[in-house]
Amino acid sequence: MSWVHKSAAELADALAAGEVTSVELTQAHLDRIAAVDGDVHAFLHIDAEGALAAAAASDARRAAGTPASGPDGVPIAVKDVLATIGQPTTCGSKMLEGWHPPYDATVVAKVRAAGMPILGKTNMDEFAMGSSTENSAYGPTRNPWDLDRIPGGSGGGSAAAVAAFEAPLALGTDTGGSIRQPGAVTGTVGVKPTYGSVSRYGLVALANSLDQVGPVTRTVLDSALLHEVIGGHDPLDSTSIPGAPAGLVDAARQGASGDLSGLKVGVITELAGDGWQDGVMTRVQESVELLERLGAEVVEVSCPHFVHAMAAYYLILPAECSSNLAKFDAMRYGMRVLPDGVASPSAEEVMKATRDAGFGAEVKRRIILGTYALSSGYYDAFYGQAQKIRTLIIRDFDAAFEQVDVLVSPTAPTTAFPIGEKADDPLAMYLNDLATIPANLAGVPGISVPAGLAAEDGLPVGLQVLAPVKADDRLYRVGAAIEAALEKEWGGPLLAQAPALEETR
Amino acid sequence: MPAISREEVAHLATLARIDLDDTDLDHLAPQLSVILESVASISGVAGDDVPATSHPIPMTNVFREDVVTPGLTPEQALSGAPEVEQQRFSVPRILGDEQ
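Counting starts from 1 at the beginning of each chain's written sequence and moves along it residue by residue. The lettering of chains begins at A and the numbering of ligands begins at 1, in the order of writing. Local features are withheld for residues below a pLDDT of 70 in this predicted model, meaning they are given only at 70 or higher, and side-chain atom pairs are given and counted only at 80 or more; totals for whole chains, interfaces and linings count all residues.

Colleague: I'd like to hear about the overall build of chain B, residue by residue, with values.
Modeller: A count of helices and strands for chain B gives 3 helices and 2 strands. Helix numbers and strand numbers start at the N terminus; a helix is a DSSP run of H or I with at least 4 residues, a strand a run of E with at least 2. For chain B, the N- to C-terminal ordering of α and β elements is α-α-α-β-β. In this description the radius of gyration comes from C-alpha coordinates, and the expected globular size is given by 2.2 Å times residues to the power 0.38. Over its C-alpha atoms chain B spans a radius of gyration of 23 Å, topping by over 25% the 13 Å that the globule rule assigns to 99 residues. Partly exposed residues are those falling between the two cut-offs: more than 12 but fewer than 20 other C-beta atoms within 10 Å of their own, whereas 20 or more means buried and 12 or fewer means exposed, with C-beta atoms placed from the backbone. Counting across all 99 residues of chain B, residues that qualify as buried make up 17%.

Here it is in structure tokens:
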């Protein structure tokens, strides 16, 4: 097996044992990117020089016996919504084409401090608005399982990068499912940590009260490793919660031993029924039965207000994004376009022309929707009501977690759909996030782990596990247990069943 | 909930500072109507006694230590600007002809 097919934990062990250097690993991944990314298009920018320099520095630390961290020298890809010194940060938008941030996001600084070479920046729906990565201004990313299908979104680039073995690890961001849903449809692992437990400083905000940075990986243990690197309080983020996540790697290792006795699992009643693909439901049901065989007690739990989560989300998110994206005013950074046929345009005219030229259709839709939801006369009926629904959803979670330790559901209602199928049908696209949105509204952590392939199309299905606020360790215990048990059934990781990508040189 | 008219969308676009041409408006107005009809399902779900949540994990009075920390240099702060003049952001005129 080549280095690019190994997990980050295996790579860290190999580096520690002196079996390979970080320069070799980094070069192997850069070669893989060169060979397959023409088809996959997971990356918007590749920083070979910077990554190899960081790798050489890592090798020097290893040689001196002073590694900066466990994964020192393991390369990583970063979603293009996180600010990076020395690499452009476009958020998948023409508005920020060629923008080089003068600062690093805190999570990027942490990854650098841990000694991890950054391979490049991954593709995404423009400003993280979308569930398919089709809304990128730089063209869609393709699903490594079937290049004619979507890799999920908004973080389709990060998920496709790890699924295509272009990177062992990636950073994603999850506002309504943008880490978990791509994980589900690409047969990879994605984690949305507890809100506030990973810094948002340097994350170009979509919706501040919902956004969270998290790990995108191929194994549950790798997510735990990366989560421990990026987590912790940040004075630069006023919504950052005290303390640092700990015991996540231990929880993953404990879970992999396969004993879930004493664990109570709740299956969410409302996340099933019409509109849920049969093959998805079958695999999820089998996973639930597997949890029982591992010793967990499974009950059905009703979260009655989850049916209103999507509506509340599509009021709260546009409201916050219409406010956040007001900063793209063509004055301080990003694109500036002068209106046609105006001799001496005003700042306002320049701003309007720039935002028309710089934003794509979905971004415009959401900004206008948010402007509507916040306008006087509609504020109480829409935004105010949505904020109350948010309270009811938090209460649903509180009540559920009084009965059970974790909740489970499918991560997404369907497997990956063909590129173009829902591109101009916003409502159909929004339904992809039905199961992932409640966690963002309530701030609770969630993971998506591969649950197998749907019988009807042979495409990956994700199982979502949700835990109470600050109980992220439970995601890793349960996720690793189900991963180990399923891989035993499959005779290896799910990605081993993915068709090989054609390598071009 | 009422469908949103083309004129309303044009007004909202002005508020949001986005130039939309006729084609955009024709396309966007019916799409926004469908979305609004769908999200209108939440009206009446929560009673007056339910408090609003703006933030999933409430924090109040978040202050850092009152110590000086390094910030961006003027060159860094201006590095992404579309136009710079005399170490300042250069912007188009901000007043109309009539002012």
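Colleague: Requested: an account of the interface of chain A and chain B, with residues and values cited.
Modeller: The extent of an interface is frequently quoted as the accessible surface area lost upon association of the parts. Here, residue contact means that the backbone-derived C-beta atoms of the two residues sit within 7 Å. Taken residue by residue, the interface counts 58 residues in chain A and 44 residues in chain B. Secondary structure elements with two or more residues in the side of chain A that touches chain B: α10 (309-324), α11 (347-358), α12 (361-373), α13 (380-403), α14 (426-430) and α15 (437-442) of chain A. The element best represented in the side of chain A that touches chain B is α13(A), accounting for 11 residues. Side-chain classes are defined by residue name, with Ala, Val, Leu, Ile, Met, Phe, Trp, Tyr, Cys and Pro counting as nonpolar, Asp, Glu, Lys and Arg as charged, and the others, Gly among them, as polar. The residue inventory of the side of chain A that touches chain B, partitioned by class, reads 32 nonpolar, 16 polar and 10 charged.

Colleague: So what about the pairing of strand β9 (residues 406-410) of chain A? Which residues, and what values?
Modeller: Residue and element names in this part refer to chain A. Most of β9 is tucked away, with 5 of its 5 residues classed as buried. Any two strands are treated as partners once DSSP identifies two or more bridges connecting them. Bridge count for strand β7 (residues 264-268) against β9 is 3 bridges, and the pairing is parallel. Bridge pairing in β9 places Gly266 opposite Leu407. Two strands pair when backbone bridges link them, and β9 and strand β11 (residues 460-466) are joined in this way by 4 bridges, in the antiparallel orientation. Bridged to Pro410 within β11 is Leu463.

Colleague: How would you sum up helix α2 (residues 22-39) of chain B? Please name residues and give values.
Modeller: Working rule for helices: expected span equals 1.5 Å times residues minus one. Here α2(B) spans 26 Å end to end across 18 residues, near enough to the 26 Å set by a 1.5 Å rise per residue. Those residues of α2(B) not exposed but buried are Leu28(B), Leu32(B), Ile35(B), Leu36(B) and Val39(B). Where α2(B) is buried, its residues touch α10, α12 and α14 of chain A together with α1 (6-15) of chain B.

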